[in-house]
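Take a look at the letters that make up each chain.
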Amino acid sequence: QVQFVESGGGLVQPGGSLMLSCVASGFTTSDYAMTWYRQSPTNPRELVGAITTTGGVTKLANSVKGRFSISRDDLKNTVYLQMNNLKSEDTAEYYCNAGRTYTNYVPLYPWGQGTQVTVSS
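A short tour of the structure in this document, coming up.

Cut-offs applied
- Along each chain, residue indices are assigned from 1 in the same order as the chain's sequence is written.
- Local features in a predicted model are, by the rule used here, given only for residues with pLDDT of at least 70; side-chain atom pairs are given and counted only at 80 or more, and totals for whole chains, interfaces and linings are based on all residues.
- Processing note: side-chain calculations cover all non-hydrogen atoms of the structure and skip hydrogens and water entirely.
- A run of H or I in DSSP counts as a helix once it spans at least four residues, and a run of E counts as a strand once it spans at least two, with each numbered from the N terminus.
- Buried means the residue's accessible area, taken with a 1.4 Å probe over protein chains only, is under 20% of the maximum for its type, while exposed means over 50%, and partly exposed covers the values in between.
- Note on definitions: a residue-residue contact is assigned when non-hydrogen atoms from the two residues lie within 4.5 Å.
- The accessible surface values rely on the Shrake-Rupley method and a 1.4 Å probe; as for residues, cover is taken only from the protein chains in view.
- In this count, Lys and Arg are taken as positive residues and Asp and Glu as negative ones, while His and the chain termini are left out.
- By convention, the charge on Lys lies at NZ, on Arg at CZ, on Asp at CG and on Glu at CD.
- Between any two strands, at least two bridges found by DSSP are needed for them to pair.
- Axis lines are fitted through C-alpha atoms, for helices just across the contact stretch, and the angle between N-to-C directions can take any value from 0 to 180 degrees.
- Should a side-chain nitrogen of Lys or Arg be within 4 Å of a carboxyl oxygen of Asp or Glu, the pair is scored as a salt bridge.

### Examining the overall build of the protein
When you go through the protein residue by residue, the secondary structure sums to zero helices and ten strands. Each helix and strand of the protein, placed in order from N terminus to C terminus, yields the pattern β-β-β-β-β-β-β-β-β-β. Within the span of the protein, comprising 121 residues, buried residues form 44% of the whole. A sequence separation of at least 24 residues applies to 55% of the contacts in the protein between residues at least 6 apart. Counting only carbon and sulfur atoms, one obtains 49% of the accessible surface of the protein, whose full area is about 6100 Å². Averaging the positions of the 9 positive and the 8 negative side-chain charges in the protein gives two centres separated by 5 Å.

Structure below.
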């Protein structure tokens with residue numbers, strides 16, 4: 001059974017930083033690109049970024065380029081999202097999933113519970 005457990009969210013002031021973690025189980029993460037998505041009450045779920053199987057290439061949404069980065073540790077079946085210089089528009093529930101580069105990272109598995117990030121002063 002595939003599961004994603006996201007953690008690391010919280011309340012942070014604008015300009016602050018957070019690192020999110022996602023532990024995956026039920027499959028071998030090294031076989032897949034890993035992705036981060038986010039969703040807010042006013043916006044549909046969107047791809048924040050993705051990291052390929054080798055970790056050599058990452059794809060980031062234009063809105064987070066230069067501020068967010070993705071890394072992975074396949075020995076721990078874990079993917080990370082480092083978020084710096086956070087803005088109020090980054091407020092959302094963040095989710096991870098697995099995907100394929102040739103399908104533009106369409107999520108392959110059911111979603112986890114997500115982790116809430118709130119950016120507010």
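Having seen the structure, we can now continue with the description.
### Some remarks on the pairing of strand β7 (residues 68-73)
The alternating pattern of β7 places Phe 68, Ile 70 and Arg 72 on a buried face and Ser 69, Ser 71 and Asp 73 on a face that is not buried. Here β7 runs beside strand β8 (residues 78-83); their pairing, made up of six bridges, is antiparallel. Residue pairing in the sheet places Ile 70 in a bridge with Leu 81 of β8. Counted between consecutive antiparallel strands, the loop separating β7 from β8 contains four residues, among which Asn 77 sits at a positive phi close to 50 degrees.

### Here's the deal with the sheet that holds strand β3 (residues 18-25)
To summarise the sheet geometry, strands pair through backbone hydrogen bonds and adopt either a parallel or an antiparallel arrangement. Reading across from one edge, β1-β3-β8-β7 is the order of the four strands in this open sheet, with antiparallel pairing throughout. Two strands bound the open sheet, and with one partner strand each, they are β1 (3-7) and β7. Put simply, the sheet's adjacent strands are angled 15 degrees from each other on average, direction ignored.

### Overview of the environment of Val 5
Structurally, Val 5 can be placed in strand β1. Spatially, the C-alpha atom of Val 5 lies 6.0 Å from that of Gly 112, the residues being 107 residues apart in sequence. With residues up to four places along the chain from it excluded, the contact list for Val 5 reads Ser 21, Cys 22, Val 23 and Gln 113.

### Thoughts on unusual backbone geometry
One non-glycine residue with positive phi stands out, namely Asn 77, at about 50 degrees. Secondary-structure assignment places Asn 77 in the loop between β7 and β8. Phi angles above zero are rare outside glycine, and Asn 104 is one such case at about 60 degrees. Assignment of secondary structure puts Asn 104 in the loop between β9 (92-99) and β10 (115-119).

### Some thoughts on the pattern of salt bridges
Tallied over the entire structure, the rule returns four salt bridges. We note a salt bridge from Arg 38 to Glu 46, for which the minimum N-O separation is 2.6 Å. Residue Asp 90 is joined to Arg 67 by a salt bridge in which the shortest nitrogen-to-oxygen separation is 2.7 Å. Pair noted here: Asp 90 is in the loop between β8 and β9 and Arg 67 is in the loop between β6 (58-60) and β7, with a separation of 23 residues, a long-range link.

### Focus on the sheet that holds β6
Within the open sheet, the six strands sit side by side as β2-β10-β9-β4-β5-β6. Their pairing is mixed. Sheet topology places β2 (10-12) and β6 at the edges, where each strand pairs with a single neighbour. Adjacent strand axes in the sheet meet at a mean angle of 30 degrees when their direction is disregarded. Alignment of strand β4 (residues 33-40) against strand β5 (residues 43-51), held across six bridges, turns out to be antiparallel. Following the sheet pairing, Tyr 37 is matched in β5 by Leu 47.

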